[in-house]
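# Descriptive structure summary
Chain residues, written in single-letter form:
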Amino acid sequence: MHRGKFLFTFLLCAVVSFASPVPVLAQETKPASAPRRIAIRAGHLIDGKSDKALDNVLVLIEGDKIVSVTPGGTAPSGAELIDLSRFTVLPGLIDLHTHVLLNGDITAEDYDKQLLKDSIPYRAILAARNARIALEHGFTAIRDLETEGAMYADVDVKKAINNGEVPGPRMQVATRALTPTGLYGPLGYSWEIVIPQGVQYADGVDGVRKAVREQVMYGADWIKYYSDRRYHFTDDGVLHSMVNFTDEEAKAIVEEAHRLGKKCAAHAIGSDGIEAALRAGVDTIEHGDGFTEPLMDEMKKKGVVWVPTIMVGAYVAPGRGGNWTTMVDLEKTAFQKALKRGVKIAMGTDAGGSDWKELNEAREFQYYSDYGMPPMEVIRTGTSYAAEVLGWSDKLGSVEPGKWADIVAVSGDPLKDIKELQNVKFVMKAGLVYKNEIQAR
Ligand SMILES: [Zn+2]
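Report on the accompanying structure. Small disclaimer: the values here were computed from a predicted structure and weren't measured. (Residues numbered from 1 in each chain as written. Predicted model: local features only at pLDDT ≥ 70, side-chain atom pairs only at ≥ 80, totals over all residues. Heavy atoms only, no water.)

### Some remarks on the nonpolar core
Note the threshold: Each nonpolar core is a collection of buried residues, namely Ala, Val, Leu, Ile, Met, Phe, Trp, Tyr and Cys, held together in the definition by side-chain atoms within 4.5 Å. Each residue gets one of three labels from its accessible area relative to the maximum for its type: buried under 20%, exposed over 50%, partly exposed in between, using a 1.4 Å probe on protein chains only. Segments assigned H or I by DSSP are reported as helices when at least four residues long, segments assigned E as strands when at least two residues long, and all are numbered from the N terminus. Working rule for contacts: check all heavy atoms of both residues, and any pair within 4.5 Å makes them a contact.
Tyr-225, Ile-285 and Trp-306 are the most contacted members of the largest nonpolar core, which totals 81 residues. In terms of residue count, the dominant contributor to this core is helix α10 (residues 310–320) (six residues). Sequence-distant contacts of Ile-285, that is, excluding residues within four places in its chain, are made with Ala-266, Ala-268, Ile-274, Ala-277, Leu-278, Phe-291, Met-299, Val-304, Val-305, Trp-306 and Val-307.

If you want it as structure tokens, here you go:
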């Protein structure tokens, strides 16, 4: 700050504080106004943890928190009543894998165009729109897993949401993601042109540690790196891949992230990439199409969570061709094997890889259900299990006293038809109502 301006600010503060002692004291003795109380009458409640839905429950909210959940129950006098007695109430949904700064990338051309022709401010404006779409679909929290060339703009989107400037979900962000030099697009342009990169290139143990420190300095809640590329099948039917970082580099990324109190997510599609990421000690495996049973056992032993992102795989496959269609079928088989083996699965979509305006992220739940996961378990992947991954188990993921008042409602029964989650009618975040279509029924 300029010295003169500092002096002026100091004098101004001094004048204000010396000139007004009486009003400040008067304010301190005034009783604090009671927080706003809202009572939600839920016809059915799926609380995100219990095995069964509860009928006729009163959820009392004070300010931004849930204070009580009472079967039957009567609304206390003075509380504003929201009548959801003909609806099923659930915790706010959580998507663990989004890209709010991306708007569909079926082909390399789709991707490159966004990086080369759209400015970061323009992309941030669209990101604010995408965050609102996510919230209106019932997603009250997201983990945004890299900006795809938009530098640290995810930190700004999160800041604008947290400051109440724009509507959107709670966010944990990964900023730029990491690969070694030359292993992520845009690629193939003349060496004479300096073009933006989709990730931060980092090489060597010291190089990756520095990159992690930089990302944390600028606001990364998660560190994400690309474990592999070039997915290909071998005769044994296993999906293999080229591993990006050396073991020493990958371990240094994870270790440095953990040392700074951050968790680490690895993009890993082929079995080699998954194996390398598990060796490095990551917290979540993203995509994981090429999972083998031994790798599933290994991840279970280490308590690593799988975020499958089936929706986007199916969305991009027809346009990408090649192995992508087979990979969708392969992931279905892997998902069913993982279910049997008790692998921890939490919901993530890769929204942004698909067009935010086209696909509702809750489509992901339908795949889990179609692939054989029981509906209550499906709901937990995007509520209490996802909250655990975010380290926010004490704050969200269930409708319980003491949790943030992040609540959604649907008109049907998602335990009978999981597609109901794609038609959220009511959205509350931190005690504020962002969507209310209950009257239209
Ligand atoms: Zn992604």
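Having seen the model, we can carry on.
### Points about the sheet that holds strand β7 (residues 170–173)
Note the following rule: Paired strands, in this sense, are two strands between which DSSP finds at least two bridges. For helices, the fitted line uses only the C-alpha atoms of the stretch in contact; every axis is such a line through C-alpha atoms, and the angle between N-to-C directions lies from 0 to 180 degrees.
Across the sheet, which stays open at both edges, the three strands sit in the order β5-β6-β7 with parallel pairing between neighbours. Looking at the sheet topology across the chains shown, the edges are occupied by β5 (93–98) and β7. Neighbour-to-neighbour, the strand axes of this sheet turn through a mean angle of 15 degrees, independent of strand direction. For strand β6 (residues 139–144) and β7, the ladder comprises four bridges, and the chain directions are parallel. Counterpart to Ala-141 in the pairing with β7 is Arg-170.

### Notes on the sheet that holds strand β3 (residues 65–71)
Taken together, the seven strands give an open sheet; going across it, the order is β3-β2-β1-β4-β16-β17-β18, and neighbouring strands pair in mixed fashion. The open sheet has two edge strands with one neighbour each: β3 and β18 (432–436). The average angle at which neighbouring strand axes cross in this sheet is 30 degrees, direction not considered. Bridge count between strand β4 (residues 80–91) and strand β16 (residues 407–410): four bridges; the pairing is antiparallel. The residue bridging Leu-90 from the neighbouring strand is Val-408, located in β16.

### Focus: the packing of aromatic side chains
Our working rule: Put simply, two rings from Phe, Tyr or Trp (the six-membered ring, in Trp's case) pair if the centres are within 6.5 Å, and we call them stacked under 30 degrees between planes, edge-to-face over 60, tilted for the rest.
Scanning the entire structure with this criterion turns up 12 aromatic pairs. With centroids separated by 5.1 Å and ring planes inclined at 25 degrees, the aromatic side chains of Phe-335 and Tyr-368 adopt a geometry described as stacked. Separated by 33 residues along the polypeptide, Phe-335 in helix α11 (residues 324–341) and Tyr-368 in helix α12 (residues 363–370) bring together distant segments of the chain. The buried category is assigned to Tyr-368, whose relative accessible area is 0%.

### Topic: the pattern of salt bridges
To keep things clear, this is the line we draw: The rule for a salt bridge is simple: a side-chain nitrogen of Lys or Arg has to be within 4 Å of a carboxyl oxygen of Asp or Glu.
One pass over the structure, following the stated rule, counts 27 salt bridges. Arg-259 is the partner of Glu-256 in a salt bridge, and the nearest nitrogen-oxygen pair spans 2.9 Å. Of the two residues, Glu-256 and Arg-259 are both situated in helix α7 (residues 247–259); the distance of three residues between them amounts to about one turn of the helix. Judged by its relative accessible area of 0%, Glu-256 is buried. Put simply, Lys-416 and Asp-413 hold a salt bridge, and the shortest N to O gap is 3.6 Å. Look at Lys-416 and you get exposed, because its relative accessible area is 74%. One connected set of salt bridges, linked through shared partners, spans Arg-209, Arg-213, Glu-255, Glu-256 and Arg-259.

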